[in-house]
Amino acid sequence: MPAFPATECADCGELYGFPVVACRACGSESFEAHDVDGSGTVYARTTIRVPGADHQGQEPFEVCVVDLAADIRITARILDNPGLSPGDSVQFVEARDGVFFFEAA
Ligand SMILES: [Zn+2]
């Protein structure tokens with residue numbers, strides 16, 4: 001199962017699942033790539049029917065807020081658009097054009 005490409009603060013170890021300029025825990029601007037467990041749990045979900053310009057023609061698609069096992073909360077697309085509910089398990093598949101794709105686990 002693919003690991004999730006998180007970002008770790010080089011000074012205090014705080015983990016992020018998205019690009020950051022300064023660490024919100026210690027203010028450091030030094031970061032390193034840090035792969036973490038790609039398994040997670042759906043926190044919230046919605047169906048996008050009117051996407052932004054970058055995703056025109058892909059609608060409708062599922063977007064979930066996912067809590068990774070590493071205690072990082074991210075926003076992700078869900079492959080094959082299953083009807084997920086909060087608490088359902090998902091697994092990281094890949095990052096594509098800055099978008100994280102997961103599938104039902
Ligand atoms: Zn830090």
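Residues numbered from 1 in each chain as written. Predicted model: local features only at pLDDT ≥ 70, side-chain atom pairs only at ≥ 80, totals over all residues. Heavy atoms only, no water.

**What about the overall build of the protein chain?**
As a reminder, the rule being used: Helix and strand definitions here come from DSSP, where helices need a minimum of 4 consecutive H or I residues and strands a minimum of 2 consecutive E residues; each element is numbered from the N-terminal end. Radius of gyration means the value over C-alpha atoms here, while the globule rule gives 2.2 Å times the residue count to the 0.38 power. Type-normalised accessible area, obtained with a 1.4 Å probe on protein chains alone, sets the label of each residue: buried when under 20%, exposed when over 50%, and partly exposed for intermediate values.
Each helix and strand counted, the protein chain has zero helices and eight strands in total. The order of helices and strands in the protein chain, counted from the N terminus, is β-β-β-β-β-β-β-β. On C-alpha atoms alone, the protein chain measures out to a radius of gyration of 14 Å, which is about the 13 Å that the 2.2 N^0.38 rule sets for 105 residues. In terms of overall dimensions, the protein chain has C-alpha extents of about 40 × 30 × 20 Å along its principal axes. The buried share of the protein chain, reckoned over its 105 residues, is 30%.

**Focus: the coordination of the zinc ion**
Tetrahedral coordination by four donors puts the ideal angle at the metal at 109.5 degrees, and octahedral coordination by six puts it at 90 or 180 degrees. Using the following cut-off: Counted as coordinating are nitrogen, oxygen and sulfur atoms within 2.8 Å of the metal, or 3.2 Å for Na, K and Ca, while water is not included, which may make sites look incomplete. Key to geometry: four donors with every angle between 85 and 135 degrees are tetrahedral; four donors are square planar and six octahedral where opposite donors lie over 155 degrees apart and all remaining angles lie between 65 and 115; all other sites are irregular.
In the first shell of the zinc ion, the protein supplies Cys 9 (SG), Cys 12 (SG), Cys 23 (SG) and Cys 26 (SG), at 2.3 to 2.4 Å from the metal. Each of the four donor atoms around the zinc ion contributes to a set of angles spanning 104 to 114°, which defines the coordination as tetrahedral. Written as a sequence motif, the donor arrangement for the zinc ion is C-x2-C-x10-C-x2-C. With Cys 9 in strand 1 (residues 4-9) and Cys 26 in the loop between strand 2 (15-16) and strand 3 (31-36), this pair connects stretches of sequence that are 17 residues apart. Here Cys 9 falls in the buried class, since its relative accessible area comes to 2%.

**Here's the deal with the sheet that holds strand 4 (residues 39-48)**
As a reminder of what qualifies: Pairing between two strands requires that DSSP report at least two bridges joining them. Axis geometry follows a simple rule: fit a line to the C-alpha atoms, using only the stretch in contact for helices, then measure angles between N-to-C directions, giving values from 0 to 180 degrees.
With respect to topology, five strands assemble into a closed barrel ordered 4-5-6-8-7, the strand pairing being mixed. Sheet twist, expressed as the average angle between the axes of neighbouring strands with direction ignored, equals 45°. Bridging between strand 4 and strand 5 (residues 61-68) involves eight bridges; their strand directions are antiparallel. In the sheet register, Thr 41 faces strand 5, and the bridge partner there is Asp 67.

**Here's the deal with the pattern of salt bridges**
Inclusion rule: Salt bridges, as used here, are contacts in which a Lys or Arg side-chain nitrogen is within 4 Å of a carboxyl oxygen on Asp or Glu.
Under the defined criterion, the tally for this structure stands at three salt bridges. As a salt-bridge pair, Arg 45 and Glu 62 come within 2.8 Å of each other at their nearest N and O atoms. Residue Arg 45 is located in strand 4, and its partner Glu 62 is located in strand 5; the two are separated by 17 residues in the primary sequence. On the basis of relative accessibility, which here comes to 33%, the residue Arg 45 falls in the partly exposed class.

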